[in-house]
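Residues per chain are reported as follows:
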Amino acid sequence: MAENLPETPYGNTPIFDGLLQEFGPEFAAELAATSETAANENLGEHLLEIEQRLDYDALVAAVAQETPTGVEDSEKSNTLYEQSLLFMTTRRTRREGNMLSVEEAQHVGETLAGYETQWDQNGLLLRGRQALLSDDEAQRMDDEANIFLHAVHDMLHRTATLNNRYGLWISPDGPKMSLLGRQFRRLTMLLIASDSSGESDVTNPLLASAIEKYIEKQLPDLPSYYVETGTDSKFYETYTTEARQIEAKPLVDALEITGSWQIPHMPDQSVIRGFIEKNIPPIAIQQVKKIEFRNLTNEEKELAQPFNPAGILKMSDSGESTIVISVECTQEYVDSLAKQGVPPHLIEAKVKDCILYYVAHEYAHAFHSLLPASALEHWENTIASDDVNITAYVQATQDLGKDRDHAERIADAVAMYAIRPQDLQVISEATFNAVQRLYADFHPEHESLKTWADLLIRISSQLLQDGGVSRSSYRASLLVHQHKIDSQP
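Residues numbered from 1 in each chain as written. Predicted model: local features only at pLDDT ≥ 70, side-chain atom pairs only at ≥ 80, totals over all residues. Heavy atoms only, no water.

Some details on the overall build of the protein chain
Part 1: Scanning the protein chain for helices and strands turns up 24 helices and four strands.
Part 2: Every one of the 489 residues in the protein chain was classed for burial, and the buried ones make up 47%.
Part 3: On the protein chain, roughly 23,800 Å² of surface is accessible, and the fraction owed to carbon and sulfur atoms is 50%. (Helix = DSSP H or I, 4+ residues; strand = E, 2+ residues; numbered from the N terminus. Buried < 20%, exposed > 50% of the residue type's maximum accessible area, 1.4 Å probe, protein only. Areas by Shrake-Rupley, 256 points an atom, 1.4 Å probe, with all protein chains shown as cover.)

What follows is the structure, encoded as structure tokens:
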């Protein structure tokens, strides 16, 4: 008789069967609904009690620091983060008026009771219940946290985007930024789980305020080049002034250069050191402690797939770098020139430019990893007016579709500015100007480099004019017939 009846916590007892016979199936449905309402009301009271006893500041700090090395939550079971998510999600469900079944309500209540015991033991619960916030106080806290958390989100998104493009976080301070990003995502997920209105971004003012206080305490420990907002800021002025005050010569003298000099026409160390001292911003020279001329290991080649790199920049945990230049690729280039019948004196000049281009390209990667976020944004805004792939290598990396072309473009641009500024100016005047702006900010000898570049540009222009070659046709030929050193840095 009771096969199709609604489930109730009473079961099919003799009393229940008697009431059913006397009052009919409608009574059974009403009784089931009443028991469900009671179970949800009990759960709501339990949630309210936890909420009024919860020390949100302690909870936020514990959740943020639970996985400081970035272990994924899915790899751990019953973490405080997961417990908090269940509490916040259930809180939202009840505030929205959604009903759980009797069994669900009882199960969640029992689970939360277990969590409550753990939280109490871990000092996450207060001794007494806090008074509920007034509507005005809740709204004020809500608004303040909303503004702050949106600003932090924008800052993290901005630097994360630039990190994907330029490797900002490979610098020694990078892990701090990466950790803050992970913590922020975890904490804001709790806010999302708490969202019950859908009308505002923050609907748990106590939680939001606790997150705001926690994140605010972390910000002073971050390097200013992540947080500052413009190239006209006081920080940027100080940062660039200090960068220009770095002395290049002692750094170049201390630079360790190792490897085989058996390759024909290989420039000697004095030429390489002189080029670095003159053309590379000292802040980047300071980052690189060693240059190795050798064949790349299979592991190093794997990291650069699908390309066969002519050089790589290897960063250590301390932030210091080693540049490795592939002897194998350089030898292939020498052999190709010989097969083309290029005269020996021209081979020597081309190999010299090739090696120096490789070196400058890898130094440029160290350089852009140290640039403030605002400098990189200014770079992107400047080159946007002439967004051309300045080399075949940049085009190839863009075709991969992984944002890698941004870093390779700035590296090739710096290398080309150091070796052939007149060609860079013809290929992309916007990129040329962007490099000059970076050098003006970070290189103490930028004026002499600018004078040299201007001289080469005038000579090149005069040669083109004397030969009856237009600038546009020369630009087209540069883009179509690029030298090998452009395609494999």
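Structural notes on the nonpolar core
Part 1: The biggest cluster of nonpolar side chains holds 80 residues, and the ones touching the most others in it are I276, I291, F293, Y363 and W379.
Part 2: Sort the elements by how many residues they give to this core and helix α16 (residues 344-368) lands first, with 13 residues.
Part 3: Counting 43 residues, the second-largest nonpolar core is a separate cluster that includes Y115, L124, F184 and Y214. (Core = buried A, V, L, I, M, F, W, Y, C linked by side-chain atoms within 4.5 Å.)

Considering the confidence of the model for the protein chain
Part 1: Of all residues in the protein chain, 84% attain a pLDDT of 70 or more, and the chain-wide mean is 82.
Part 2: pLDDT under 50 marks residues 1-13. Its contacts with residues more than four places away, or in other chains, come to 18 contacts.
Part 3: Scored below 50 in pLDDT, residues 198-202 shows eight contacts in the model against residues more than four places distant or in partner chains. (pLDDT = per-residue confidence, 0-100. Contact = heavy atoms within 4.5 Å.)

Details of the pattern of salt bridges
Oppositely charged side chains can pair when the atoms bearing their charge come close.
Part 1: Enumeration over the complete set of coordinates arrives at 21 salt bridges.
Part 2: Where E380 meets R165, a salt bridge forms, and the shortest distance between an N and an O atom there is 2.8 Å. A residue pair is termed long-range when its members are at least 10 positions apart, and E380 in helix α17 (residues 373-383) and R165 in helix α6 (residues 135-166) qualify at 215 residues.
Part 3: Across the pair K450 and D454 runs a salt bridge, and its minimum N-O distance is 3.3 Å. Here K450 pairs with D454, and both are found in helix α22 (residues 446-466), just four residues apart, close to one helical turn.
Part 4: Counted as one network, the salt bridges with shared partners bring together E256, K290, E292, R294, E300 and K314. (Salt bridge = Lys/Arg side-chain N within 4 Å of Asp/Glu carboxyl O.)

Looking at the pairing of strand β2 (residues 288-294)
Part 1: Relative to β2, strand β1 (residues 256-259) runs parallel, the two being bridged by four bridges. Bridge assignment links I257 to a residue of β2, and that residue is I291.
Part 2: Relative to strand β4 (residues 321-326), β2 runs parallel, the two being bridged by six bridges. Across the sheet, residue F293 finds its bridge partner in β4, namely I325. (Pairing = 2+ DSSP bridges.)

With respect to α22
Part 1: In this model α22 runs 30 Å from its N-terminal to its C-terminal C-alpha over 21 residues, within 8% of the 30 Å that 1.5 Å per residue would give.
Part 2: Residues of α22 that are buried include every one of H446, L449, A453, L456, I457, S460 and L464, and no others. The arc that holds every buried residue of α22, seen down its axis, measures 105 degrees, which confines them to one face. Exposed and facing more than 90 degrees away from the buried side of α22 are E447, T451, R458, Q465 and D466. (Expected span 1.5 Å × (residues − 1). Arc of directions from axis to C-beta.)

Focus: the side chain of Q436
Part 1: Following the sequence through the fold, Q436 ends up in helix α21 (residues 429-442).
Part 2: Of the polar contacts made by the side chain of Q436, one reaches the side chain of Y417; its length is 3.1 Å. (Polar contact = N/O pair within 3.5 Å; in protein donor to acceptor, adjacent residues only side chain to side chain.)

Quick word on the environment of V359
Part 1: Along the chain, V359 turns up in helix α16.
Part 2: Accessibility expressed as a relative area gives 0% for V359, which makes it buried.
Part 3: As a C-alpha pair, V359 and I323 span 36 residues in sequence and 7.6 Å in three-dimensional space.
Part 4: Leaving out residues up to four positions away in the same chain, V359 has contacts with I276, I291, F293, I323 and I325.

Looking at the packing of helix α4 (residues 80-95) against helix α5 (residues 102-121)
Part 1: As a packed pair, α4 and α5 sit with axes 11 Å apart at the nearest point and diverge in direction by 130 degrees. As summarised for this structure, α4 and α5 are arranged oblique, according to the angle between their axes. Two packed elements cross with a definite hand, and for α4 against α5 that hand is left-handed. Packed against α4, whose contacting residues are L80, Q83, S84, L86, F87 and T90, the element α5 presents V108, T111, L112, Y115, Q118 and W119 at the interface.
Part 2: Partitioned by chemical class, the residues of the contact of α4 with α5 number seven nonpolar, five polar and no charged. (Axes fitted to C-alpha atoms, helices over the stretch in contact; angles between N-to-C directions. Parallel < 35°, antiparallel > 145°, perpendicular 65-115°, else oblique. Left-handed = near helix turned anticlockwise from the far one by under 90°. Nonpolar A, V, L, I, M, F, W, Y, C, P; charged D, E, K, R; others polar.)

Re the packing of aromatic side chains
Part 1: Inspection of the entire model under this criterion finds eight aromatic pairs.
Part 2: Here F367 and F442 contribute two aromatic rings whose centre-to-centre distance is 5.6 Å and whose plane-to-plane angle is 80 degrees, an arrangement assigned as edge-to-face. Of this pair, F367 sits in helix α16 while F442 is found in helix α21, placing the two residues 75 residues apart along the sequence. Side by side, F367 and F442 carry an identical accessibility label, which is buried.
Part 3: Three or more aromatic residues link up through ring pairs in this structure, and these residues are F235, Y236, Y239, F367 and F442.
Part 4: Taking the ring centre of Y81 as reference, the NZ or CZ of R186 above it sits at 4.6 Å.
Part 5: Over the ring of W452 we find K278, and its NZ or CZ is 5.2 Å from the ring centre. (Phe/Tyr/Trp six-rings, centres within 6.5 Å; stacked < 30°, edge-to-face > 60°. Lys NZ or Arg CZ within 6 Å of the ring centre and 35° of its normal.)

A closer look at the state of the cysteines
Part 1: Within the structure shown, the criterion is met by zero disulfides.
Part 2: Of all cysteine sulfurs, the one in C354 lies closest to C329, which takes part in no disulfide; the gap is 8.9 Å.
Part 3: The buried category is assigned to C354, whose relative accessible area is 0%. (Disulfide = S-S within 2.5 Å.)

Considerations on the packing of helix α12 (residues 269-279) against α16
Part 1: Between α12 and α16, whose axes approach to 11 Å, the crossing angle comes to 45 degrees. By the angle between their directions, the pair α12 and α16 is classed as oblique. Crossing angle aside, the handedness with which α12 passes α16 is right-handed. Residues V271, I272, F275 and I276 of α12 form the contact with α16, whose participating residues are K352, I355, L356, V359, A360 and Y363.
Part 2: Tallied by class, residues from the contact of α12 with α16 come to nine nonpolar, no polar and one charged.

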